[in-house]
Amino acid sequence: MQVWKFGGTSVGKPERMHSIRELLNNDPSRKIVVLSALSGSTNALIAIGEAAKAYDDAKAISLIEDLKTHYNLFIKELYATSESLAAGQEIVDTEFGFIKSLVGIKPFTIKQEKELVAEGEILSTKMFQAYLEEKGENSVLLPALDFMRIDADGEPELATIEERLVTILNQYTDKQTIVTQGFICRNPREEVDNLKRGGSDYTASLIGGAIRADEIQIWTDIDGMHNNDPRIVKRTFPIRELTFEEAAELAYFGAKILHPSTITPAKLRGVPVRLKNTMQPEAPGTLIANQTSDRDIKAIAAKDNITAIYIHSTRMLNAYGFLRRVFEIFEKYKTPVDMITTSEVSVSVTIDNSEHLDKITADLREFADLEEHDRDQNIICIVGNFSADKEGIALKVLDAMKNIPIRMISYGASEHNLSLLIHSKYKAEALNVLNERLFYYEDAMKDIFTAP
């Protein structure tokens, strides 16, 4: 069995749902199909929730009607028979009736907000399953709320998910295609919750790991993971092979095609992950597994909205226990640290979530001196195979960056990551010079020296 996940753009138009069915039929394996909400739906549902929280019911109802109109038009093109269209209309009417009932609840709490946002995935999967039924496919809809669970910290309960999923799947051994929702789950209070934005990738990986799938396929509108950001850099190319570690670094540090959490469950179970393009299904995409290509430097990614914090010990030399106290502060406010550099009396860290920055700063000042924070920074992450015996990796990177000011460097903590902190105004320049120097310069030099 395989797990195939399709994102919002892949299900965003009726003809794309038609194409998904063709893709499924062109591959003989049994599949669990994980769907996101139709593109734009999650943002629209969030906007409805914001209006409801502000007690602006008129605006909320207007937004609901606009979104329902979109779905009414969608189903007219999705289904070919009057019977299926009627079934699709019943789905839309029922779910939007529930959405309206949520808006009427006062006060509009986080509980209602999460139930509201979940409707995007519930609608897309119910509509798609009805379409498969119209075409006579051997399929079934399996609600993710029946098996997907998170704990009090918002982390998936892997053992519970596996136990419940396997038990449920044993009831459907005769089904070729099993459709379920990405993103949504239940929390310890049995309330509807979610795996945060981008969580459909995570759902697919959790399911794939739980059933020990042959492969997890993440279908998007891009031909695999590229070696650089194609929105900023012209000469990019798809990476054909990555290790789990390399893919995890790229996802965390800004590669938008993959949710950062996706790799972990797949890696734990040794299930390969393949990134595919619904617009070009014949393209090989990117395979993420325990294998790798020979190239040392694989890709470059950039993480935006970084804040750098510079902390100096007031006890000067031999200030043991200083780092422990520093990181206890970040743990207290559940704020992850991206980069760290240290000296005898100072430590510099970066964060991408500044929600608790004022509180963190106040607590740090109780035992340390702080410089003014550097905001609007970028982390440029170079990913590849940087084992200890590799020569010249840092030299190539720093030589390419010789005309760009660098605030911090992190190298050596991982065999797959070299990170640089720069001001965001240099981001485009950095990505382009690194791309040319690391991926094209040596090839150009070979052409020069081998020319007749």
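Up top is the structure.
What you see is a predicted model; the values in this text were computed from it and never measured.

### Observations concerning the nonpolar core
Move 1: If you look at the biggest cluster of nonpolar residues, it comprises 60 residues, and the most contacted ones within it are V3, F147, M225, L250, L258 and I288.
Move 2: Mapped onto the domain boundaries, this core takes at least three residues apiece from domain 1 (2–220) and domain 2 (298–449).
Move 3: Residue contacts for M225: discarding those within four places in its chain leaves F237, P238, I239, L242, L250, A255, I257, L258, L275 and T286.
Move 4: L35, A60, I91 and W219 belong to the second largest nonpolar core, which has 38 residues in total.

### Some thoughts on helix α12 (residues 393–400)
Move 1: If you check which residues of α12 are buried, you get I393, V397 and A400. Each buried residue of α12 lies within a common arc of 70° when the element is viewed along its axis, so the set occupies one face.

### Thoughts on the packing of helix α3 (residues 57–78) against helix α5 (residues 110–134)
Move 1: Running from amino to carboxyl end, α3 crosses α5 at an angle of 20°, the nearest separation of the two axes being 11 Å. Between α3 and α5, the interaxial angle falls into the category roughly parallel. Like other packed secondary-structure pairs, α3 and α5 cross with a definite hand, here right-handed. Contacts from Y71, F74, I75 and L78 in α3 reach G120, L123, M127, Y131 and E134 in α5.

### Let's talk about the packing of aromatic side chains
Move 1: Within the structure shown, the criterion is met by 10 aromatic pairs.
Move 2: The interplanar angle of 80° and the centroid separation of 6.2 Å between the aromatic rings of F322 and F367 together place this pair among those described as edge-to-face. Here F322 is found in helix α10 (residues 322–332), whereas its partner F367 is found in the loop between α11 (357–364) and β14 (368–370), with 45 residues between them in sequence. Considered together, F322 and F367 belong to a single accessibility category, that of buried residues.
Move 3: With a centroid separation of 6.3 Å and 45° between ring planes, the pair formed by F327 and F330 is classed as tilted. Remark: F330 and F327 occur in helix α10; sequence separation between them is three residues, near one turn of the helix.
Move 4: You can call F327 partly exposed: its relative accessible area is 26%.
Move 5: Judged by relative accessible area, F330 falls into the buried class, the value being 3%.

### Observations concerning the side chain of T220
Move 1: Summarising the element assignment, T220 is placed in strand β7 (residues 215–220).
Move 2: T220 gets classed as buried once you look at its relative accessible area, which sits at 11%.
Move 3: A polar side-chain atom of T220 sits 3.2 Å from the main-chain amide nitrogen of I222.
Move 4: Those residues in contact with T220 that sit more than four places away from it in its chain are S10, I257, K276, N277 and T278.

Parameters and conventions
Residues numbered from 1 in each chain as written. Predicted model: local features only at pLDDT ≥ 70, side-chain atom pairs only at ≥ 80, totals over all residues. Heavy atoms only, no water. Core = buried A, V, L, I, M, F, W, Y, C linked by side-chain atoms within 4.5 Å. Buried < 20%, exposed > 50% of the residue type's maximum accessible area, 1.4 Å probe, protein only. Domains from an automatic or database assignment. Contact = heavy atoms within 4.5 Å. Helix = DSSP H or I, 4+ residues; strand = E, 2+ residues; numbered from the N terminus. Arc of directions from axis to C-beta. Axes fitted to C-alpha atoms, helices over the stretch in contact; angles between N-to-C directions. Parallel < 35°, antiparallel > 145°, perpendicular 65-115°, else oblique. Left-handed = near helix turned anticlockwise from the far one by under 90°. Phe/Tyr/Trp six-rings, centres within 6.5 Å; stacked < 30°, edge-to-face > 60°. Polar contact = N/O pair within 3.5 Å; in protein donor to acceptor, adjacent residues only side chain to side chain.

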